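Residues per chain are reported as follows:
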Amino acid sequence: MSGRLAGKVAIVTGAGSRGPGIGNGKAAAILFAREGARVLCVDREAPRAEETVALIGAEGGEASAFAADVTRAEECRGMVAAALDRYGALDVLHNNVGVESRKDLMETSEEEWDRVMAVDLKSMFLATQAAVPPMVERGRGAVVCVSSVAALRGHGRTAYAAAKAGIIGFVRSTAAQLGPKGIRVNAIAPGQVWTPMVEALGPEARERRRRASPLGTEGSGWDVGWAAVYLASDEARWVTGQTLVVDGGLTVTTR
Ligand SMILES: NC(=O)c1ccc[n+]([C@@H]2O[C@H](COP(=O)([O-])OP(=O)(O)OC[C@H]3O[C@@H](n4cnc5c(N)ncnc54)[C@H](O)[C@@H]3O)[C@@H](O)[C@H]2O)c1
């Protein structure tokens, strides 16, 4: 690898995967480490973060695990304190955590709405709020938030679409606020990538998802991870407030 993140310290939230295989957060953490970053792998489920740390360690990279629920402000502050304590600085926050909800307007209960908003949107606000002060102190930093093409296309997933669209508004607003302080904030909108998060949909859905994009090839966590590497790196030094769509071209079609 080419050391695109050499010398940087990164936090990846949701750095584990909910099942066997490589999800978006796990891929980003591994790629960050391959590119030279020291990575704090954060997950609510400690063994999931530890598994990613072990994969990074086996490749000779530097990472450690931290258990935190990023829907809680205090745990977000603890996560940032751990990065500063273990690695002395914080350059990159990769806000990857998110949960799916496939319910339409009338099926979505108030509890479901609140749960999805907390995990998918509030977590971005709390983690960013905790991470920004040490970045401001050094006059530099990059925040990347994982949205979804669900924010951009009409479909039945009410709470998920609303939360993921909220991320784009959050990113644009914070980018405007933090640009003068040297901090960039961007979003990634993955398309229908095949990860452990959607494994339960089954093989037919997998094939349908693959065929849906103009490229006709299957997207993976690695595709989303590479976008995160770019946005976290100094190569993106003049890019802020943007949403990078990684979807094989899905959103340019009318399907
Ligand atoms: N797979 C897709 O098709 C797709 C498409 C668009 C966007 N996304 C987005 O990608 C992101 C997740 O990707 P993934 O593949 O890493 O998912 P994943 O579910 O495999 O892994 C996410 C990890 O986050 C952890 N987590 C969940 N809630 C948490 C919390 N409150 N605090 C800390 N950790 C928590 C889980 O334990 C899990 O290990 C989500 O934001 C999701 O919405 C996925």
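Higher on the page you've got the structure.
Residues numbered from 1 in each chain as written. Predicted model: local features only at pLDDT ≥ 70, side-chain atom pairs only at ≥ 80, totals over all residues. Heavy atoms only, no water.

1. A word on the overall build of the chain
Here comes step 1: From N to C terminus, the chain includes 7 helices and 7 strands.
Here comes step 2: The helix and strand sequence of the chain, counted from the amino end, reads β-α-β-α-β-α-β-α-β-α-β-α-α-β.
Here comes step 3: Taking 18 Å as the expected radius of gyration for a compact globule of 255 residues, we find that the chain reaches 17 Å, a close match to that expectation.
Here comes step 4: Along the three orthogonal principal directions, the C-alpha set of the chain runs to about 45 × 35 × 35 Å.
Here comes step 5: Here the contacts in the chain between residues at least 6 apart in sequence split such that 76% fall between residues at least 24 apart.
Here comes step 6: Counting every atom, the chain has about 11400 Å² of accessible surface; 52% of that belongs to carbon and sulfur.
Here comes step 7: Between the centroid of the 30 positive side chains of the chain and the centroid of its 29 negative side chains there is a distance of 5 Å. (Helix = DSSP H or I, 4+ residues; strand = E, 2+ residues; numbered from the N terminus. Rg over C-alpha atoms; globule rule 2.2 N^0.38 Å. Contact = heavy atoms within 4.5 Å. Areas by Shrake-Rupley, 256 points an atom, 1.4 Å probe, with all protein chains shown as cover. Lys, Arg positive; Asp, Glu negative; His and termini not counted. Charge placed at Lys NZ, Arg CZ, Asp CG, Glu CD.)

2. Thoughts on the site of the ligand
Here comes step 1: Close contacts around the ligand come from 31 residues, with Arg 18, Asn 24, Asp 43, Tyr 160 and Thr 195 the closest.
Here comes step 2: In this structure, Arg 44 approaches the ligand through a main-chain N or O atom, which is 3.1 Å from a nitrogen atom.
Here comes step 3: The backbone of Asn 96 places a nitrogen or oxygen atom 2.8 Å from an oxygen atom of the ligand.
Here comes step 4: Taken by itself the ligand offers 860 Å² of open surface, and the protein chains cover 97% of this.
Here comes step 5: If you list the elements that add at least two residues to the shell around the ligand, you get helix 1 (24-34) and helix 5 (158-178).
Here comes step 6: Looking at the shell around the ligand residue by residue, the class counts come to 10 nonpolar, 13 polar and 8 charged. (Near = heavy atom within 4 Å. Polar contact = N/O pair within 3.5 Å; in protein donor to acceptor, adjacent residues only side chain to side chain. Nonpolar A, V, L, I, M, F, W, Y, C, P; charged D, E, K, R; others polar.)

3. Concerning the sheet that holds strand 6 (residues 183-190)
Here comes step 1: Pairing within the open sheet is parallel, and its 7 strands lie in the order 3-2-1-4-5-6-7. Whereas interior strands pair on both sides, the edge strands pair on one side only; in this sheet they are strand 3 (62-67) and strand 7 (243-246). On average, each strand axis in the sheet is tilted by 20° relative to the strand beside it, whichever way the strands run.
Here comes step 2: Of the pairings in the sheet, the one linking strand 4 (residues 92-95) to strand 5 (residues 141-146) comprises 4 bridges and is parallel in character. Within strand 5, the position partnered with Asn 95 by the bridge is Cys 145.
Here comes step 3: Contacts between helix 4 (residues 110-138) and the sheet are confined to strand 4, strand 5 and strand 6, with strand 4 contributing the most and set at about 175° to the helix. (Pairing = 2+ DSSP bridges. Axes fitted to C-alpha atoms, helices over the stretch in contact; angles between N-to-C directions.)

4. Side note on the nonpolar core
Here comes step 1: By size, the foremost hydrophobic cluster in this structure holds 34 residues, and its most contacted members are Ile 11, Leu 40, Met 79, Leu 90 and Leu 93.
Here comes step 2: Only strand 1 (9-13), strand 2 (38-43), helix 3 (73-87), helix 4, strand 5, helix 5 and strand 6 provide two or more residues apiece to this core.
Here comes step 3: Looking at this core, the element that brings in the most residues is helix 4, giving 8 residues. (Core = buried A, V, L, I, M, F, W, Y, C linked by side-chain atoms within 4.5 Å. Buried < 20%, exposed > 50% of the residue type's maximum accessible area, 1.4 Å probe, protein only.)

5. A few points about the pattern of salt bridges
Here comes step 1: The tally for this structure, following the rule as stated, stands at 14 salt bridges.
Here comes step 2: When the shortest N-O distance is used, the salt bridge between Glu 235 and Arg 4 registers 2.7 Å. One end of the pair, Glu 235, is in the loop between helix 7 (221-232) and strand 7; the other, Arg 4, is in the segment before strand 1, with 231 residues separating them in the sequence.
Here comes step 3: Taking the relative accessible area as the measure of exposure, Glu 235 reaches 44% and is therefore partly exposed.
Here comes step 4: The partner of Asp 91 in a salt bridge is Arg 140, with the nearest N and O atoms 3.8 Å apart. Taken together, the positions of Asp 91 in the loop between helix 3 and strand 4 and Arg 140 in the loop between helix 4 and strand 5 put the pair 49 residues apart, joining distant regions of the chain.
Here comes step 5: Assessed through its relative accessible area of 41%, Arg 140 is described here as partly exposed. (Salt bridge = Lys/Arg side-chain N within 4 Å of Asp/Glu carboxyl O.)

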